[in-house]
Structures are given as C-alpha cells and as structure tokens.
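# Overview (structure and organization)
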Amino acid sequence: MIELTDIAYVRSGVADLATATEFATSIVGLELVDGGEPGVAHLRADSAHHRLALVEGESGVIASGFTVADEEALAAAETALETRGIRAARIDPYGCRSRRVRAGIGFDDPFGNRIELVAGQHSLATPVNYSRAAGITEFGHLCVDAPDVREAYRFWSSTFNARVSDWIGDDACLMRINPVHHKLAVFAADGPGLCHMNFQVAAIDDIFRSWHFLVEQGVEIEMGPGRHPQSGAVFLYFQGPEGFTYEYSYGVRRIEDDATWRPRVFDPAERGSIDMWLGPTSRPTSQPQLVTTSELPLRKAT
Ligand SMILES: O=C(O)c1cccc(O)c1O
Ligand SMILES: [Fe+2]
C-alpha cells in the first residue's frame, strides 16, 4: 500500500500561457512565483512553492502530483507499482527542478491519467503574495476523470491509502488520504482528464465576494454558489481559459475517526446531490392545505 501524504500540484499544458497565467493571478488570485523557467508559470496558493504549473504547449492536463514521505518511500512506491505491472518512470533532474521536488516518478492510472509521486516538494518561507484577495488558504483537492469510477476507486484504494468518504452513485467517488473529507475525487467522463482543481478559502464571504467579482469580470460560472451535501462545503465552480475548471470552497468537513465513518451513496438523479441548496423543482403535489386564521375553529367561549 503506497502511502500518499498529500496532493502536491497540478501540471497543465496551455496553448496561451500569458492568458492562462493572467487568469490564474488576476482572477483566481494565485501568486505567480518567479520560476525563471521560460514557458512555465508556477502559481502559488499556500506554503508550497507552487500548486499549479502552467506549461506552454498542447492544451490539457499533463499530470496530477501527490507527495510521499521521502525518497525511500518513493523507491518503495516504484517497486510496489512495478509489482502491480504499472511501469513508473523516474522524473529527470530538469523535470524535478521544474516541479520543485527532490525526486519523483510518473505513471498512468488505468484510464491514462498521468499521476506523479514526488518527495521533497519545496516550501517557501515567505507569506503568499496573493494577486487578488480571494481568501485562498490552500490547495483543497484535485478531481480527475475516468470512464469507470468504481474501477478507479478499486485502483486508488488498493494501490494507495485512499479511502472513500462518499459516493455520488457511480458518477463520483470522493476519497481522503488524511482527515480532510477528500483530497482526490474521481468523476465519470468519457476519458482521462482533469475535472477540476479546488482551492479552499477562509470564509463563506470569500465565496460570495468572488461570485460577484467573477460575474462582473464576465467569467463563466459553471455551478454555484451552492453547498455540497458530501463535504458540506459551500462552493463555486468557474471556468478559466482552455477549459480549466477551478473551484473555490469553504467549510470542507474533516473525518477524524476512520473507524466510525460510513461512506454515503448519494443519488446523482437527485437534483440536490451536488448542491443541497437546489430544492425540488416543483411545489410538492400534496401541498399541505394552508389554514387561514379565518377558518380556525373559533375558541368556544368557556
Ligand atoms: O466538496 C464536496 O463534497 C464535493 C462534492 C461533489 C463534487 C465536488 O467537486 C466536491 O468538492
Ligand atoms: Fe470539488
């Protein structure tokens, strides 16, 4: 069982690096870290050097990175993957430098999502210099696509320390690797890809302030503001350049006791299964008969 300690980064190819970087800073609020690397923009969200690397080239996710404890754990992971018939390739020194990690390996999940395990992800000592006061506190979770969510769950839960926190039918599996409700989600899709990248924000006010800001900026709001019944988080999804979906959320629950937590299965056919604030679309047919005061049986004079 390979122990993932955290999510590390998303690395994504962009055809127009300048536009994607401008969006990630002035709209999302991330800090552009001077990586001194032509063709790569490193975007910072918390204590790690970066959480999002935009790489000039073909549009689309390149890799989703996870951390392991150290280089010994990385070597053990490489062996464990090989034992399962999964070929893992060492990330070369240039690649490690670009990722700001000591060492790393890359492999494909059963659906072709490129996954990277890294050790020694660099931290920065200075406070984050956010480009906009979006209230971002940290990289919350990443969500990858897969044609078979149940199979994806079997892969992640048997090869790694991922544990399912909740299901949305067979459409989505939300998995934790630490007490946070989920750090990794898998959503049903035709093929591999990045479904979205989540950043936690400090207050519910940040969600609604960003909502107004994004609308004023003409950014496409994909869903929300709403509230996920699974983690309980108030959320807002919005689309950046080249189809990159960002999510802000506030108030993700923690699962402190694995032994007592029972994963729930939400019904994707239910309107509120992603957003519990979406009530039924129509008034209930058996609307309780309103009784007006004029109809109340008058108190009999005693
Ligand atoms: O936070 C969640 O519970 C959640 C649920 C469904 C889909 C998501 O992206 C989520 O983050
Ligand atoms: Fe999410």
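Being a predicted model, the structure only gives us computed values, none of them experimental. (Residues numbered from 1 in each chain as written. Chains lettered and ligands numbered in written order. Predicted model: local features only at pLDDT ≥ 70, side-chain atom pairs only at ≥ 80, totals over all residues. Heavy atoms only, no water.)

Another point: the overall build of the chain. Scanning the chain from N- to C-terminus turns up five helices and 17 strands. Within the span of the chain, comprising 302 residues, buried residues form 52% of the whole. Contacts in the chain between residues at least 24 apart in sequence constitute 65% of all its contacts with a sequence separation of at least 6. When the accessible surface of the chain is split by element, carbon and sulfur atoms take 53% of a total near 14400 Å². Averaging the locations of the 27 positively and 41 negatively charged side chains of the chain gives two centres separated by 7 Å. (Helix = DSSP H or I, 4+ residues; strand = E, 2+ residues; numbered from the N terminus. Buried < 20%, exposed > 50% of the residue type's maximum accessible area, 1.4 Å probe, protein only. Contact = heavy atoms within 4.5 Å. Areas by Shrake-Rupley, 256 points an atom, 1.4 Å probe, with all protein chains shown as cover. Lys, Arg positive; Asp, Glu negative; His and termini not counted. Charge placed at Lys NZ, Arg CZ, Asp CG, Glu CD.)

The mixed open sheet is built from nine strands, whose spatial order is β14-β15-β16-β13-β9-β12-β11-β10-β17. Of all strands in the sheet, those with a lone pairing partner are β14 (220–227) and β17 (264–266), marking the two edges. Direction aside, neighbouring strands of the sheet carry axes that sit 20° apart on average. Sheet contacts for helix α4 (residues 149–159): β9 (136–146), β10 (163–168), β11 (172–176) and β12 (184–188); angle to β12, the most-contacted strand, approximately 155°. (Pairing = 2+ DSSP bridges. Axes fitted to C-alpha atoms, helices over the stretch in contact; angles between N-to-C directions.)

Let's shift gears to the confidence of the model for the chain. Across the chain, pLDDT averages 94, with 93% of residues at or above 70. For residues 297–302, every residue scores under 50 in pLDDT, and the model assigns this stretch zero contacts once sequence neighbours within four places are set aside. Across the predicted assembly, pTM comes out at 0.92 and ipTM at 0.99. (pLDDT = per-residue confidence, 0-100.)

This brings us to the state of the cysteines. The tally for this structure, following the rule as stated, stands at zero disulfides. You can see cysteine 143 has no disulfide; the closest cysteine sulfur is in cysteine 195, sitting 3.3 Å from it. Of all cysteine sulfurs, the one in cysteine 143 lies closest to cysteine 173, which takes part in no disulfide; the gap is 10 Å. (Disulfide = S-S within 2.5 Å.)

Moving on, we come to the side chain of glutamate 116. Structurally, glutamate 116 is set in strand β8 (residues 114–119). At 2.7 Å, the side chain of glutamate 116 forms a polar contact with the side chain of arginine 99. When near neighbours in sequence (up to four residues on either side) are disregarded, glutamate 116 contacts Tyr9, Ala63, Ser64, Gly65, Phe66, Ile91, Arg99, Ile105 and Gly106. (Polar contact = N/O pair within 3.5 Å; in protein donor to acceptor, adjacent residues only side chain to side chain.)

Quick look at the packing of aromatic side chains now. For the structure shown, the criterion picks out 14 aromatic pairs. Between phenylalanine 66 and tryptophan 156, the ring centres sit 5.3 Å apart and the planes meet at 45°, which makes this aromatic pair tilted. Of the two residues, phenylalanine 66 sits in strand β5 (residues 60–67) while tryptophan 156 sits in helix α4, which places them 90 residues apart along the sequence. Like tryptophan 156, phenylalanine 66 is buried. Consider the rings of phenylalanine 238 and tyrosine 248, whose centres lie 4.9 Å apart with planes at 40°: the pair is tilted. Within this pair, whereas phenylalanine 238 is found in strand β15 (residues 234–239), its partner tyrosine 248 is found in strand β16 (residues 245–250), the two being separated by ten residues in sequence. Accessibility classification places phenylalanine 238 together with tyrosine 248 in one group, the buried group. Through pairs of rings, three or more aromatic residues link up here, namely Phe23, Phe238, Phe244, Tyr246 and Tyr248. Looking at arginine 150, its charged tip hangs above the ring of tryptophan 167, at a distance of 5.1 Å from the centre. (Phe/Tyr/Trp six-rings, centres within 6.5 Å; stacked < 30°, edge-to-face > 60°. Lys NZ or Arg CZ within 6 Å of the ring centre and 35° of its normal.)

Along the chain, the position of aspartate 108 falls in strand β7 (residues 103–108). Exposure remark for aspartate 108: the relative accessible area of 37% places this residue in the partly exposed category. Aside from chain neighbours lying at most four places away, what touches aspartate 108 is Ile86, Asn113 and Arg114.

Here the focus is the site of ligand 1. In the neighbourhood of ligand 1, the contacting residues comprise His141, Ile168, Leu174, His182, Phe187, His196, His228, Gln230, Ser231, Tyr237 and Glu247. When isolated, ligand 1 has an accessible area of 290 Å², and the protein chains bury 100% of it. (Near = heavy atom within 4 Å.)

Turning our eyes to something else, we now look at the pattern of salt bridges. The final tally for this structure, using the stated rule, is eleven salt bridges. Two residues, glutamate 78 and arginine 90, come together in a salt bridge whose shortest N-O distance is 2.9 Å. Of the two residues, glutamate 78 sits in helix α2 (residues 71–83) while arginine 90 sits in strand β6 (residues 89–90), which places them twelve residues apart along the sequence. Taking the shortest distance from any N to any O, the salt bridge between glutamate 116 and arginine 99 comes out at 2.7 Å. Here arginine 99 lies in helix α3 (residues 93–99) and glutamate 116 lies in strand β8, a separation of 17 residues in the sequence. Arginine 99 shares its class with glutamate 116; the two are buried. Look at the salt bridges and you will find they share partners, linking Arg163, Arg176 and Asp258 into a network. (Salt bridge = Lys/Arg side-chain N within 4 Å of Asp/Glu carboxyl O.)

Accessible area lost when the parts come together is the quantity often used to give the size of an interface. Assigned domains within the chain: domain 1 (6–119) and domain 2 (136–288). Put simply, the middle of domain 1 and the middle of domain 2, counted by C-alpha atoms, are 22 Å apart. Each partner contributes to the interface: domain 1 provides 39 residues, whereas domain 2 provides 40 residues. Taking both partners together, domain 1 and domain 2 bury about 2900 Å²; carbon and sulfur atoms supply 76% of that area. Contact with domain 2 buries surface across domain 1, with Ile7, Phe23 and Phe111 losing the most and accounting together for 23% of the total. (Domains from an automatic or database assignment. Buried area = accessible area lost by both parts, 1.4 Å probe.)

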